[in-house]
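# A closer look at the structure
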Amino acid sequence: MNYWLMKSEPDAYSLDDLANEPKKTEHWDGIRNYQARNFMRDDMKKGDLAFFYHSNCAEPGIVGIVEVVKEAYPDHTAWDKKSKYYDEKSTKENPRWLMVDVKLKKRLKRNVTLREMKEKLPLKDMRLVARGNRLSIMPVAKKEWDYILKLAEKTPK
DNA sequence: GCCAACGTTGGC
DNA sequence: GCCAACGTTGGC
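Quick notes on the rules
Residues numbered from 1 in each chain as written. Chains lettered and ligands numbered in written order. Predicted model: local features only at pLDDT ≥ 70, side-chain atom pairs only at ≥ 80, totals over all residues. Heavy atoms only, no water. Near = heavy atom within 4 Å. Polar contact = N/O pair within 3.5 Å; in protein donor to acceptor, adjacent residues only side chain to side chain. Nonpolar A, V, L, I, M, F, W, Y, C, P; charged D, E, K, R; others polar. Helix = DSSP H or I, 4+ residues; strand = E, 2+ residues; numbered from the N terminus. Buried < 20%, exposed > 50% of the residue type's maximum accessible area, 1.4 Å probe, protein only. Phe/Tyr/Trp six-rings, centres within 6.5 Å; stacked < 30°, edge-to-face > 60°. Lys NZ or Arg CZ within 6 Å of the ring centre and 35° of its normal. Pairing = 2+ DSSP bridges. Arc of directions from axis to C-beta. Contact = heavy atoms within 4.5 Å. Axes fitted to C-alpha atoms, helices over the stretch in contact; angles between N-to-C directions.

### Digging into the protein's contact with DNA strand B
In the vicinity of DNA strand B, the contacting residues are Tyr34, Arg131, Gly132 and Arg134. A distance of 2.6 Å separates a phosphate oxygen of DNA strand B from a polar side-chain atom of Arg131. Class assignment for the residues of the surface near DNA strand B results in 1 nonpolar, 1 polar and 2 charged.

Rendered as structure tokens:
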């Protein structure tokens, strides 16, 4: 069982949006980065858990936990000419991009912010806090996962 | 809105 | 296969 972190811009798709889906489940489309795709394709399994991270917003941070409920399958938005994720090089015979389905498992009691995580020594090796990190799906070590869950229970400062 | 860091593209 | 140019990400 693996742990992950998945980024989303709340302006585009927020935790609330996921909470409002039927069955609180939605496909995670629009991943157009090979490294992130390979993580989904090779290592992301049904039952894995992932942090839902809000990026590119006022308070970037982890806001919830989702569960992978369907493993990697072709991202149909790559075939849709009207989609901003359209990619002419992705065909039905040879789909270039993949997605998984995730279900909202729980909201954290509070937003565990990037700023806060950067200050914590036990999290110093996380890819998320590395300089210039742009990966939208990344693995999280069990130790880090547990530590962040504990942080979420505490009021900051 | 700015801009540093990064990934991708394409000419050679 | 190198690498400059370009587009994108995402914190601030």
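What follows continues from the structure just given.
### Here's the deal with unusual backbone geometry
Non-glycine residue Lys23 carries a positive phi angle of around 60 degrees. Topologically, Lys23 is positioned in the loop between helix H1 (15–19) and strand S2 (25–27). What makes Lys23 exposed here is its relative accessible area of 72%. Positive phi values are uncommon outside glycine, yet Lys24 reaches one of about 50 degrees. Tracing the backbone through its elements, the reader meets Lys24 in the loop between H1 and S2. Take Lys24: its relative accessible area is 40%, and that puts it in the partly exposed class.

### Re the packing of aromatic side chains
A complete count under the given rule lists 5 aromatic pairs for this structure. Centre to centre, the rings of Tyr34 and Trp97 are 4.8 Å apart; their planes meet at 35 degrees, and the pair counts as tilted. One end of the pair, Tyr34, is in helix H2 (residues 34–43); the other, Trp97, is in the loop between strand S4 (61–74) and strand S5 (98–113), with 63 residues separating them in the sequence. In this structure an aromatic cluster arises from ring pairing among Tyr3, Phe51 and Trp145. Looking at Lys70, its charged tip hangs above the ring of Tyr73, at a distance of 3.9 Å from the centre.

### Re the pairing of S5
Bridge analysis of S2 against S5 gives 3 bridges, and the strand direction is antiparallel. Along S5, the bridge assignment pairs His27 with Asp101. Inspection of the sheet shows S4 paired to S5 by 10 bridges, in the antiparallel sense. Paired with Pro74 across the two strands is Leu98, which belongs to S5.

### Observations regarding H2
Within the sequence span of H2, burial applies to Ala36, Arg37, Phe39 and Met40. One side of H2 holds all its buried residues, which, seen down the axis, span an arc of 155 degrees. Its buried side turned inward, H2 meets strand S1 (3–8), S4, S5 and strand S6 (137–140). Between the side-chain oxygen at the start of H2 and the backbone nitrogen of Gln35 there is a gap of 3.0 Å, and the oxygen is on Asn33.

### Overview of the pairing of S4
Inspection of the sheet shows strand S3 (residues 49–54) paired to S4 by 6 bridges, in the antiparallel sense. Bridge assignment links His54 to a residue of S4, and that residue is Gly61. Here S3 folds back onto S4 in antiparallel fashion, the turn holding 6 residues, of which Asn56 has a positive phi close to 55 degrees.

### Details of the sheet that holds S2
Backbone-to-backbone hydrogen bonds pair the strands of a sheet. The strands run either parallel or antiparallel. Here we have 6 strands laid out as an open sheet, ordered S2-S5-S4-S3-S1-S6, and mixed in their pairing. Bordering the open sheet on either side are S2 and S6, each of which pairs with just one other strand. In this sheet, neighbouring strand axes are inclined to one another by 35 degrees on average, regardless of whether the strands run parallel or antiparallel. For S1 and S6, the ladder comprises 4 bridges, and the chain directions are antiparallel.

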